Amino acid sequence: MEIVELTHIPNALSLFGLDGLKSLALIVGGSFNCKTMNVKPKRIILIVLFGLALIAGAAAFLFFRFARPIGSGPAGPAIARESFSQPWSSRQIMLVGLGDSVTAGFGARKGYSYFDRLVKNPADEFPELNSICLSAIFPKLSFTNLSVSGSTSAEVAARQLNLFPTNDASVFGIVVMTTGGNDLIHNYGRTPPREEAMYGATWEQAQPWVDNYGSRLEETISQIKSHFPGGCEIFVANIFDPTDGIGDAERAGLPAWNEATKILDAYNDVIQRCATLHPEVHLIDMHNAFLGHGIHCTQFWREHYDRHDPHYWFFDNLEDPNERGYDVIRRLFLVEMAKTQSRLK
């Protein structure tokens, strides 16, 4: 039997013709269906479009579930320059930072935490905020930051204020504080929940701990005032929620905590009541400002989605701000301080 070389197959087939092809197919051992030789272009297009849709759907799923773009540029509320155009007071002013890693500036470069930016503007400050800082309005400003990363609410009074001497009556105090967040997030579900390490607690467990937090906060406020016989104003930030009010911390790699949002709200209610009870205590609403800028920041269907700035304001560790977040907090404090300008004079 003669073997036809591969290079001659096209010519051989042309000799067979269509009937010859059918006969050849039968000889080789199968029935021949000429329809299979004719794949319709429309079907190819549909297959390609379906594949593209699958790829686009997978990309969208990954983006909306995992992407946390930080963005760039200024973040947070605008500040009226006229409020900071001239000195507020000629008194000796002492700025004191108390609390946890948010006030300590964890995750920010030196000079870019909210406390540092309250004191003075960084070299590359946004033009609209140049000269808007406490150094510009208080010629006799001194400052100290006693906050410690990882500290709980009990440690503010027990360890931080004990390091701070009582001031002369000629000194007026401005105190900025963030406290309570570590009471909630510690110990990240690695240990059974307990007071000041409440992660995973039920509401029944947490209720007496929330009440005790209120007592500790009142004691802290009392101690602060005792250190400033010449008077002081105290600005206390409430606690933000990196889950944007949804309470699904498991999406960020932490264990599920069903009653996290309820207990967080109870802590924030304590801070709100404290600010209401004391005229010298002012609430910085960090919680509401950060909604829409946590782990769901890209999800446009969420209640708190911010279409003007759909970006992530938290650091890699989830519990602290990134530098844009610190810019926001600095602005929140300055806005509230401007409201109390007459008291600070």
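So, how was this worked out
Residues numbered from 1 in each chain as written. Predicted model: local features only at pLDDT ≥ 70, side-chain atom pairs only at ≥ 80, totals over all residues. Heavy atoms only, no water. 1 Å grid on protein atoms, 1.4 Å probe; cavity = no way out; pocket = protein on both sides within 12 Å on 5 of 7 lines; lining within 4 Å. Points joined across faces, edges and corners; volume = space filled by probe spheres on them. Helix = DSSP H or I, 4+ residues; strand = E, 2+ residues; numbered from the N terminus. Nonpolar A, V, L, I, M, F, W, Y, C, P; charged D, E, K, R; others polar. Buried < 20%, exposed > 50% of the residue type's maximum accessible area, 1.4 Å probe, protein only. Pairing = 2+ DSSP bridges. Right-handed = clockwise from strand over helix to strand, strands pointing away. Contact = heavy atoms within 4.5 Å. Phe/Tyr/Trp six-rings, centres within 6.5 Å; stacked < 30°, edge-to-face > 60°. Lys NZ or Arg CZ within 6 Å of the ring centre and 35° of its normal. Axes fitted to C-alpha atoms, helices over the stretch in contact; angles between N-to-C directions. Parallel < 35°, antiparallel > 145°, perpendicular 65-115°, else oblique. Left-handed = near helix turned anticlockwise from the far one by under 90°. Salt bridge = Lys/Arg side-chain N within 4 Å of Asp/Glu carboxyl O. Polar contact = N/O pair within 3.5 Å; in protein donor to acceptor, adjacent residues only side chain to side chain. pLDDT = per-residue confidence, 0-100.

1. A word on empty space enclosed by the protein
It is a probe the size of a water molecule, rolled over the atoms, that shows where empty space is left.
Next up, step 1: Under the defined criterion, the tally for this structure stands at three cavities of 30 Å³ or more.
Next up, step 2: Approximately 450 Å³ is the volume found for the largest cavity.
Next up, step 3: Along the walls of the largest cavity sit 29 residues, with Gly181, Ile185, Ile239, Phe240 and Pro242 positioned nearest its centre.
Next up, step 4: Elements that contribute at least two residues to the lining of the largest cavity include exactly helix H3 (101–104), helix H7 (181–185) and helix H9 (260–277).
Next up, step 5: Sorting elements by how many residues they give to the lining of the largest cavity places H7 first, with four residues.
Next up, step 6: Of the residues assigned to the lining of the largest cavity, the class counts are 15 nonpolar, nine polar and five charged.

2. Some remarks on the pairing of strand E5 (residues 281–284)
Next up, step 1: Where burial is concerned, the two faces of E5 agree: the one with Val281 and Leu283 and the one with His282 and Ile284 are both buried.
Next up, step 2: Pairing geometry for strand E4 (residues 232–237) and E5, over four bridges, is parallel. The residue of E5 that forms the bridge with Ile234 is Val281.
Next up, step 3: With H9 bridging E4 and its parallel neighbour E5, the resulting β-α-β unit is right-handed.

3. Description of the environment of Phe138
Next up, step 1: Tracing the backbone shows Phe138 in the loop between helix H5 (134–137) and strand E2 (141–145).
Next up, step 2: If sequence neighbours within four positions are ignored, Phe138 has contacts with Trp88, Ser89, Ile93, Ile174 and Leu344.

4. Concerning the packing of aromatic side chains
Each aromatic ring pair is specified by the distance between its two centres and by the angle formed by the two planes.
Next up, step 1: Under the definition given, this model contains 14 aromatic pairs.
Next up, step 2: An angle of 5 degrees between the planes, with centres 4.7 Å apart, marks the rings of Tyr114 and Phe333 as stacked. Of this pair, Tyr114 sits in helix H4 (residues 114–119) while Phe333 sits in helix H11 (residues 323–339), and the two are 219 residues apart along the sequence. Both residues of the pair, Tyr114 and Phe333, belong to the buried class.
Next up, step 3: An aromatic cluster is defined as three or more aromatic residues linked by ring pairs; in this entry it consists of Phe240, Phe290, Tyr312, Trp313 and Phe314.
Next up, step 4: One residue, Arg109, lies across the ring of Tyr112, its end atom 4.0 Å from the ring centre.

5. A closer look at the packing of helix H6 (residues 153–160) against helix H8 (residues 203–226)
Next up, step 1: Axis separation between H6 and H8 bottoms out at 9 Å; the angle between their running directions is 30 degrees. What the angle tells us is that H6 and H8 run roughly parallel. Here H6 and H8 pass one another in a crossing that is left-handed. Contacts between H6 and H8 involve Ser153, Ala154, Val156 and Ala157 from the first element and Tyr213, Arg216, Thr220 and Gln223 from the second.

6. Topic: the pattern of salt bridges
Next up, step 1: Going through the model one piece at a time under the given rule, you end up with 14 salt bridges.
Next up, step 2: Ionic pairing is found between Asp327 and Arg117, a salt bridge with its closest N-O pair at 3.9 Å. Placement of the pair is Asp327 in helix H11 and Arg117 in helix H4, with a sequence separation of 210 residues. By the burial criterion, Asp327 is buried, and Arg117 matches it.

7. Things to note about the pairing of E4
Next up, step 1: Across the six residues of E4, six count as buried, placing the element largely inside the fold.
Next up, step 2: Because side chains alternate across E4, one face comprises the buried residues Cys232, Ile234 and Val236, and the other comprises Glu233, Phe235 and Ala237, equally buried.
Next up, step 3: In this structure, strand E3 (residues 171–178) lies alongside E4, joined through six bridges in parallel fashion. Across the sheet, Val176 pairs through a bridge with Phe235, a residue of E4.

8. A word on the side chain of Glu196
Next up, step 1: Within the secondary structure layout, Glu196 lies in the loop between H7 and H8.
Next up, step 2: Within polar-contact distance, the side chain of Glu196 engages the side chain of Thr152 at 2.6 Å.

9. A look at the confidence of the model for the protein
Caution applies to low-pLDDT parts of the model: their predicted coordinates are not meant to be read in detail.
Next up, step 1: On average, residues of the protein score 89 in pLDDT, and 88% of them are at 70 or above.
Next up, step 2: Confidence drops under a pLDDT of 50 for residues 1–18, and excluding neighbours within four residues, the segment shows five contacts in the predicted structure.
Next up, step 3: Taken as a whole, residues 20–32 scores under 50 in pLDDT and shows nine contacts with residues more than four places along the chain or in a different chain.

10. Description of the packing of H8 against H9
Next up, step 1: As a packed pair, H8 and H9 sit with axes 10 Å apart at the nearest point and diverge in direction by 25 degrees. Between H8 and H9, the crossing angle belongs to the class labelled roughly parallel. Judged by the sense of rotation from one axis to the other, the crossing of H8 with H9 is right-handed. Of the residues in H9, those touching H8 at Trp203, Ala206, Trp209, Val210, Tyr213, Gly214, Arg216, Leu217, Glu218 and Ile221 are Lys262, Ile263, Ala266, Tyr267, Val270, Ile271, Cys274 and Leu277.

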